[in-house]
Amino acid sequence: HAKYSKTVGSVNTIKSVKARGGAAAADSSVATTGSSNNNPLQAFLNTIINSRGHLAAAAAARCTSIFTMYPIDTLKTRMQMGNTFRESMQQGGIMKGVSGSLVGQVPYGVLTFGSYEVYKEMLLKKFPNVRPVFIYAMAAILGDVTGSGWVCPSEVIKQQMQAGMYPTTGDAIRSIWSKSGLGGFYQGYMGGLARDVPFRVAQLTSYEVAKKVFLNYRKRQDDGVKELSAVDSAMVGAVAGTFSAAITAPLDKIKTLLMTEGGKYGGSVMQCASSIVQSEGVGGLFAGVVPRVVYIAPSVTIFFVVYEQVQ
């Protein structure tokens, strides 16, 4: 999420608003690709090739959004680890790990988008009687799960650097590898999934509700309005993303702690949650919620403006 987050308007047109690990996007007018005769890999490649203009614009917008809002993401990570806002600011190195984040997040966007299209086509054929909106939601979740294998290492490196554990990306990679091997880059992986799947469900649901309310409001103003404009969709996506970020804040904190101090909790989501409640109370689960929520709406706005200019 990105979550990079994705909400689909119809089979042939995608108007999405994405928000994951602190990145958001509003995509428009992307024709679906793939053929009933293609195998999944070929369908994936066709999607990427035929959507290369959109993906290039989305990559530029995503990079700009991530880079601009990265200080807020760093503050969120540090506050989730027990620092106050002032302590987080005084720690310095507010942009530490940004290069690794960009390397991980941009290909992740391509992977999730391409796999989403493949899953959507497969599910629509397998379950023709299911309402498309549910198919789109399931395809988006499966796309996120597919991309999680790629993005997890960059998230681990990014968050450990934000926490001040390493001065450079190279030092982080060497140290994690020497201590834990390949598995070290996937510590907190289940915590990431435990956050992302509920976030996606909440975001897709709240987006549909907010879209319906806003569309009815627009129709009362103008009887000729049939669908939301791209700008309206971005606004609705920002609202849905902000709401979803708030209610999944505890899961985001658990994911952060598992990626930075996973050994203390045995890599267990439940053990981590229990430890937080015992030591900090229920309120401790919401540490960092303000920067997490504040991150979303500006990210969507930045992404939308840059995407439209590049596209």
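Below is a summary of the structure that appears in this document.

Things to note about the overall build of the protein
In terms of regular secondary structure, the protein is built from eleven helices and two strands. Each helix (α) and strand (β) of the protein, taken in turn from the N terminus, gives the series β-β-α-α-α-α-α-α-α-α-α-α-α. Buried residues in the protein amount to 50% of all 311 residues. If you take every contact in the protein between residues at least 6 apart in sequence, the share linking residues at least 24 apart comes to 70%. Total accessible area on the protein is roughly 13500 Å²; 64% of this is exposed by carbon and sulfur atoms.

Quick look at the packing of aromatic side chains
Within this structure, the stated rule accounts for three aromatic pairs. Ring geometry for Tyr 186 and Tyr 189: centres 6.2 Å apart, planes at 65°, overall edge-to-face. For Tyr 186, a relative accessible area of 31% puts it in the partly exposed group. Residue classification places Tyr 189 among the partly exposed positions, given a relative accessible area of 25%. Their ring planes at 10° and their centres at 5.8 Å tell us that Phe 303 and Tyr 307 sit as a pair that is stacked. In this pair, Phe 303 and Tyr 307 both sit in helix α11 (residues 289-310), four residues apart, roughly one turn of the helix.

Overview of a nonpolar patch on the surface
Together, Leu 41, Leu 45 and Ile 49 give the surface a local cluster of nonpolar side chains, amounting to about 280 Å² of exposed area. Here Leu 45 is to be found in helix α1 (residues 40-50). By relative accessible area, which is 37% here, Leu 45 ends up partly exposed.

Quick look at the packing of helix α2 (residues 52-80) against helix α9 (residues 249-261)
One can describe the packing of α2 onto α9 by two numbers: an axis separation of 9 Å at closest approach and a directional angle of 80°. Classified by the angle their axes make, α2 and α9 are roughly perpendicular. Of the residues in α9, those touching α2 at Lys 76, Thr 77 and Gln 80 are Ala 249, Asp 252, Lys 253, Thr 256 and Leu 257. When the residues that make up the contact of α2 with α9 are grouped by side-chain class, the tally is two nonpolar, three polar and three charged.

Notes on the environment of Ser 178
Within the secondary structure layout, Ser 178 lies in helix α6 (residues 169-180). Within polar-contact distance, the side chain of Ser 178 engages the backbone oxygen of Ser 175 at 2.9 Å.

Overview of the pattern of salt bridges
Applying the stated criterion across every chain yields a total of 15 salt bridges. A salt bridge links Glu 155 to Lys 255; its shortest N-O distance comes to 2.6 Å. Of this pair, Glu 155 sits in helix α5 (residues 132-162) while Lys 255 sits in helix α9, placing them 100 residues apart in sequence. Exposure class is identical for Glu 155 and Lys 255. Each is buried. For Lys 211, the salt bridge is made with Glu 227, and the minimal N-O distance between the two is 3.9 Å. One end of the pair, Lys 211, is in helix α7 (residues 189-221); the other, Glu 227, is in the loop between α7 and α8 (230-247), with 16 residues separating them in the sequence.

A short note on α2
Along α2, the largest kink reaches about 55° and is centred on Tyr 70; proline Pro 71 follows within four residues of it. Gly 82 sits one or two residues past α2 and shows a positive phi near 105°.

Topic: the packing of helix α4 (residues 98-126) against α5
Contact geometry of α4 with α5 gives a least axis separation of 7 Å together with a crossing angle of 160°. In terms of their interaxial angle, α4 and α5 are classed as roughly antiparallel. Crossing geometry of α4 relative to α5 is assigned as right-handed. By residue class, the composition of the contact of α4 with α5 is 16 nonpolar, eleven polar and four charged.

About the cut-offs
Counting restarts for each chain, with residues numbered from 1 along the sequence as it is written. Owing to the predicted nature of the model, reporting of local features is limited to residues with pLDDT of at least 70; listing and counting of side-chain atom pairs is limited to 80 or more, with chain, interface and lining totals taken over all residues. In computing side-chain values, all of the structure's heavy atoms are included and hydrogens and water are not. Secondary structure elements are taken from DSSP: a helix is a run of H or I of four residues or more, a strand is a run of E of two residues or more, and numbering for both begins at the N terminus. Between buried and exposed lies partly exposed: a residue is buried under 20% and exposed over 50% of the maximum accessible area for its type, with that area taken using a 1.4 Å probe on protein chains only. The contact rule is simple, with two residues in contact once any of their heavy atoms fall within 4.5 Å. Accessible surface is estimated by sampling points in the Shrake-Rupley manner with a 1.4 Å probe; for residues, cover comes only from the protein chains shown. To pair, rings of Phe, Tyr and Trp, with the six-membered ring standing in for Trp, must have centres within 6.5 Å; the planes then decide the type, stacked if under 30 degrees apart, edge-to-face if over 60, and tilted in the middle. Each patch groups residues whose relative accessible area exceeds 30% and which form no salt bridge, using 9 Å between like charges and 5 Å between nonpolar side chains of Val, Leu, Ile, Met, Phe, Trp and Tyr. The salt bridge criterion pairs a side-chain nitrogen of Lys or Arg with a carboxyl oxygen of Asp or Glu, the two atoms within 4 Å. Think of each axis as a best-fit line through the C-alpha atoms, taken over the contacting stretch in the case of a helix, with angles from 0 to 180 degrees between the N-to-C directions. Note on angle classes: values under 35 degrees are labelled roughly parallel, values over 145 roughly antiparallel, values of 65 to 115 roughly perpendicular, and the remainder oblique. Polar here means any residue outside two lists: the nonpolar Ala, Val, Leu, Ile, Met, Phe, Trp, Tyr, Cys and Pro, and the charged Asp, Glu, Lys and Arg; Gly therefore counts as polar. Pairs of N or O atoms within 3.5 Å make up the polar contacts considered here, provided that, within protein, one atom can donate a hydrogen while the other can accept it, and that residues adjacent in sequence are counted only when both atoms are side-chain atoms. Think of it this way: the bend at a residue is just the angle between two axes, each fitted to seven residues, one set ending at that residue and the other starting at it. The handedness criterion is simple: a crossing whose near helix is rotated anticlockwise from the far helix by less than a right angle is left-handed, and one whose near helix is rotated clockwise is right-handed.

Worth remembering: the numbers are spatial, not functional.
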